[in-house]
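# Observations on the model geometry
Below are the chains, spelled out letter by letter.
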Amino acid sequence: MNICVFLSAADLDERYTEPAREFADLVGKGGHTLVWGGSDRGLMKVVADGVQASGGRLVGISVELLRAAARKDADEMVITADLAERKALLLSRSEAVVVLAGGLGTLDEVTEVLELKKHGLHHKPIVLLNTDGFYDGLILQLRRMEDDGFLPLPLDDLVRFAAEPADVLAYLES
């Protein structure tokens with residue numbers, strides 16, 4: 001399975017890197033392909049290293065402005081002209097989307113794929129790995145949107161939340 005992962009390119013402490021390593025190991029050992037932003041920095045590097053070390057394939061989708069940070073030994077690396085093209089290609093090249101801890105770019109990516117799914121423009125599973133409660137605030141906001149009538153379909157039809165890396169893969173592989 002081609003699994004798109006949205007996550008940070010920042011260097012983060014062990015409470016984020018350890019679950020990311022565990023997730024990466026499961027992806028690689030499961031024979032899956034990582035489709036990611038292509039960076040060889042931060043949490044993106046941690047996951048790419050782990051997937052590659054455990055036998056998985058790497059497909060990077062980077063962007064011209066970040067070309068210098070692109071991983072050199074990916075199985076495939078695509079450089080897009082802009083961030084919009086990058087997001088579209090990340091989604092089109094994957095069969096599922098997993099969201100790990102990240103900043104504004106990750107938030108932009110996840111809200112876009114949720115909006116596209118809400119409109120029926122894709123039906124791929126989306127899973128947020130809520131490491132150390134990182135996405136508690138977002139989950140609360142999404143639940144409020146559902147409760148107050150802002151979502152035209154149940155939240156559970158849009159996104160799945162997982163506390164552990166193994167839960168993410170178990171859901172995607174089921």
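Since this is a predicted model, take the numbers as computed values, not measurements.

Conventions adopted
- Residues numbered from 1 in each chain as written.
- Predicted model: local features only at pLDDT ≥ 70, side-chain atom pairs only at ≥ 80, totals over all residues.
- Heavy atoms only, no water.
- Helix = DSSP H or I, 4+ residues; strand = E, 2+ residues; numbered from the N terminus.
- Rg over C-alpha atoms; globule rule 2.2 N^0.38 Å.
- Buried < 20%, exposed > 50% of the residue type's maximum accessible area, 1.4 Å probe, protein only.
- Contact = heavy atoms within 4.5 Å.
- Areas by Shrake-Rupley, 256 points an atom, 1.4 Å probe, with all protein chains shown as cover.
- Pairing = 2+ DSSP bridges.
- Axes fitted to C-alpha atoms, helices over the stretch in contact; angles between N-to-C directions.
- 1 Å grid on protein atoms, 1.4 Å probe; cavity = no way out; pocket = protein on both sides within 12 Å on 5 of 7 lines; lining within 4 Å.
- Points joined across faces, edges and corners; volume = space filled by probe spheres on them.
- Nonpolar A, V, L, I, M, F, W, Y, C, P; charged D, E, K, R; others polar.
- Parallel < 35°, antiparallel > 145°, perpendicular 65-115°, else oblique.
- Left-handed = near helix turned anticlockwise from the far one by under 90°.
- Core = buried A, V, L, I, M, F, W, Y, C linked by side-chain atoms within 4.5 Å.

## Points about the overall build of the protein
- When helices and strands are tallied, the protein shows 7 helices and 7 strands.
- Secondary structure elements of the protein, listed N to C terminal, follow the sequence β-α-β-α-β-β-α-β-α-β-α-α-β-α.
- Scaling as 2.2 N^0.38, a compact globule of 174 residues should have a C-alpha radius of gyration of about 16 Å, and the protein matches this with 15 Å.
- Taking the principal axes of its C-alpha atoms as reference, the protein extends roughly 45 × 35 × 30 Å.
- Taken across its 174 residues, the protein has 47% of its residues classed as buried.
- Across the protein, the fraction of contacts at a sequence separation of at least 24, relative to all contacts at a separation of at least 6, is 66%.
- Accessible area for the protein stands at about 8300 Å²; split by element, carbon and sulfur atoms hold 53% of it.

## Topic: the sheet that holds strand 6 (residues 126-129)
- In spatial order, the strands read 4-3-2-1-5-6-7; together these 7 strands make up an open sheet with parallel pairing. Both edges of this open sheet fall to strand 4 (76-80) and strand 7 (160-162), since each of them pairs with a single strand only. For this sheet, the mean angle separating the axes of adjacent strands, direction not counted, is 20°.
- Contacting strand 2 (33-36) and strand 3 (57-63), helix 2 (residues 42-53) runs over the sheet at an angle of about 160° to strand 2.

## Remarks on the layout of surface pockets
- Approximately 340 Å³ is the volume found for the largest pocket.
- Around the largest pocket, the lining comprises 19 residues; the ones closest to its centre are A9, M44, L66, R86 and G105.
- Elements that contribute at least two residues to the lining of the largest pocket include exactly helix 3 (83-92) and helix 4 (104-118).
- In terms of residues, the lining of the largest pocket owes the most to one element, helix 4, which gives 5 residues.
- Among the residues forming the lining of the largest pocket, the class breakdown is 7 nonpolar, 7 polar and 5 charged.
- Approximately 180 Å³ is the volume found for the second largest pocket.

## Things to note about the packing of helix 3 against helix 4
- Running from N to C, helix 3 and helix 4 point in directions that differ by 60°, and their axes come no closer than 11 Å. Compared by their axis directions, helix 3 and helix 4 come out oblique. The interaxial crossing formed by helix 3 with helix 4 has right-handed handedness. In this structure, helix 3 uses K87, L90 and L91 to contact helix 4, whose residues at the interface are D108, E109, E112, V113 and L116.
- The residue makeup of the contact of helix 3 with helix 4, split by class, is 4 nonpolar, no polar and 4 charged.

## Considerations on unusual backbone geometry
- Positive phi, normally seen in glycine, also occurs at D132, with a value near 55°.
- By the secondary structure assignment, D132 is in the loop between strand 6 and helix 5 (136-147).

## Regarding the nonpolar core
- Among the nonpolar cores identified, the biggest contains 28 residues, and F23, L100 and V168 are the most heavily contacted of them.
- Those elements that place two or more of their residues in this core are strand 1 (2-6), helix 1 (14-29), strand 2, helix 2, strand 5 (96-99), strand 6 and helix 7 (165-173).
- Per-element accounting of this core gives the leading share, 6 residues, to helix 2.
- Apart from residues lying up to four places away in sequence, V168 is in contact with F23, V98, V127, L129 and A162.
- Formed by 22 residues, the second largest nonpolar core is a distinct cluster that contains C4, I126, L138 and L142.

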